[in-house]
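Architecture and fold: a report
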Amino acid sequence: MKSFHNKVAVITGAGSGIGRALACAFAEQGCQLALVDVNAAALQETADTLARITDKRISTHLCDVADREAMKALPATIEQQHGAIHLLFNNAGVTINKTFEQNTEADIDFVMGINLWGVLYGCYYFLPYLKKQDEAHIINTSSLAGYLGMPNQSTYCLTKAAVKSLSETLRVELAHYQIGVTSIHPGTIRTNILRSAAGKSGSNMATTNKLAGLMERYGMPPEKLAKKVVHAVQKNKMQVRVGFDSYLGDWLKRLFPSAIHRPFQWGFGKSIAK
Ligand SMILES: NC(=O)c1ccc[n+]([C@@H]2O[C@H](COP(=O)([O-])OP(=O)(O)OC[C@H]3O[C@@H](n4cnc5c(N)ncnc54)[C@H](O)[C@@H]3O)[C@@H](O)[C@H]2O)c1
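Brief notes about the environment of arginine 20
Among the structural elements, arginine 20 can be located in helix H1 (residues 17–28). In sequence terms arginine 20 and leucine 43 are 23 residues apart; their C-alpha atoms lie 8.8 Å from each other. Apart from the residues within four sequence positions on either side, arginine 20 is in contact with Gly13, Ala14, Gly15, Ala42, Glu45 and Thr46. A distance of 2.8 Å separates the side chain of arginine 20 from the backbone oxygen of glycine 15, its partner in a polar contact.

Some thoughts on the site of the ligand
In the region of the ligand, 29 residues are neighbours, and Ser16, Asp37, Asp64, Tyr156 and Thr191 sit closest. At 3.5 Å, a backbone N or O of valine 38 approaches a nitrogen atom of the ligand. In the model, an oxygen atom of the ligand is placed 2.8 Å from a nitrogen or oxygen of the isoleucine 189 main chain. At the level of elements, H1 and helix H5 (154–174) are the ones that each hand at least two residues to the shell around the ligand. A per-class count over the shell around the ligand returns 12 nonpolar, 14 polar and three charged.

Topic: the packing of aromatic side chains
With the rule as written, the count across this model stands at five aromatic pairs. With a centroid separation of 5.1 Å and an interplanar angle of 75 degrees, the aromatic rings of phenylalanine 4 and phenylalanine 26 are classed as edge-to-face. Placement of the pair is phenylalanine 4 in the segment before strand S1 (8–12) and phenylalanine 26 in helix H1, with a sequence separation of 22 residues. In this pair, the class of phenylalanine 4 matches that of phenylalanine 26, namely buried. Connected via pairs of aromatic rings, a cluster forms that spans Trp117, Tyr121, Tyr124 and Tyr125. For arginine 254, the ring lying beneath its charged end belongs to tryptophan 251, and the centroid distance is 4.6 Å.

Observations concerning a nonpolar patch on the surface
Side chains of Phe244, Tyr247, Leu248, Trp251, Leu252, Leu255 and Phe256 sit close together on the surface and give an oily, nonpolar patch of about 740 Å² of accessible area. Here phenylalanine 256 is to be found in the loop between helix H9 (244–255) and helix H10 (261–273). Given a relative accessible area of 44%, phenylalanine 256 falls into the partly exposed group.

Calculation rules
Residues numbered from 1 in each chain as written. Predicted model: local features only at pLDDT ≥ 70, side-chain atom pairs only at ≥ 80, totals over all residues. Heavy atoms only, no water. Helix = DSSP H or I, 4+ residues; strand = E, 2+ residues; numbered from the N terminus. Contact = heavy atoms within 4.5 Å. Polar contact = N/O pair within 3.5 Å; in protein donor to acceptor, adjacent residues only side chain to side chain. Near = heavy atom within 4 Å. Nonpolar A, V, L, I, M, F, W, Y, C, P; charged D, E, K, R; others polar. Phe/Tyr/Trp six-rings, centres within 6.5 Å; stacked < 30°, edge-to-face > 60°. Buried < 20%, exposed > 50% of the residue type's maximum accessible area, 1.4 Å probe, protein only. Lys NZ or Arg CZ within 6 Å of the ring centre and 35° of its normal. Patch = residues over 30% accessible without salt bridge, like charges linked within 9 Å, V, L, I, M, F, W, Y side chains within 5 Å. Areas by Shrake-Rupley, 256 points an atom, 1.4 Å probe, with all protein chains shown as cover. Salt bridge = Lys/Arg side-chain N within 4 Å of Asp/Glu carboxyl O.

Take a look at the structure:
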């Protein structure tokens, strides 16, 4: 998609971090925005920020992406308000920092519901609306974790690998409708995702807060990621790696598919020996 002028972009998880940065970047490109999140206050904050940088139409939609019926109803509401839907960002995501066996069934449902079903619902229910356009694009937020299984992130890695796989399939299946599909694979981006995980998980709080501190200190600003995504959608790229750690993880996995997991094993062994 070469021009975003007056295109309508739907962004889930638009209340914070990467979603908010994507909203700002695509607003600057001339898009109308339909912002989706479960957090009403955060959603409003993004809408207020956008109102300062664009005069294009902005709508807010309080919606849980894991709620099938809500997601089914969402595209019609957005089309009614904006007249069309051209870009879909399935971006809302959460994590929980626990070993696989520490996860409760509710923990598994929580991560799978948002990171996997949320993306599937988005692709599935928005597709008929995207197909009405001469050209459209789906952008799914995966992760470096989509390339690599990592300790304490079993469900997160599982969902992100699934999002990568789904995106590859859709890219082929939808090309003849002029619908591009891109998956985003960020490394460490400075957002609230780990602080939210520490608040929710009820376990491994100290480690999660420590990781969140590192993310806040060394993570890449989400605005840089958003600029890369604008370029990637213009060029219809299949995947976007963002950050040194994302490139490094991807290449090390290709070059040393088994050995790359040894440092994880060593670090994980040390952490449980404490
Ligand atoms: N921050 C990173 O380092 C990083 C790295 C790789 C991938 N990602 C991915 O980027 C995406 C965005 O995460 P972020 O880092 O900006 O985190 P964030 O916590 O800052 O933002 C996530 C947003 O999603 C919203 N959300 C949570 N559950 C929802 C639901 N059920 N329905 C609708 N909205 C919901 C939250 O309210 C929040 O506004 C996620 O998919 C995440 O997995 C992040």
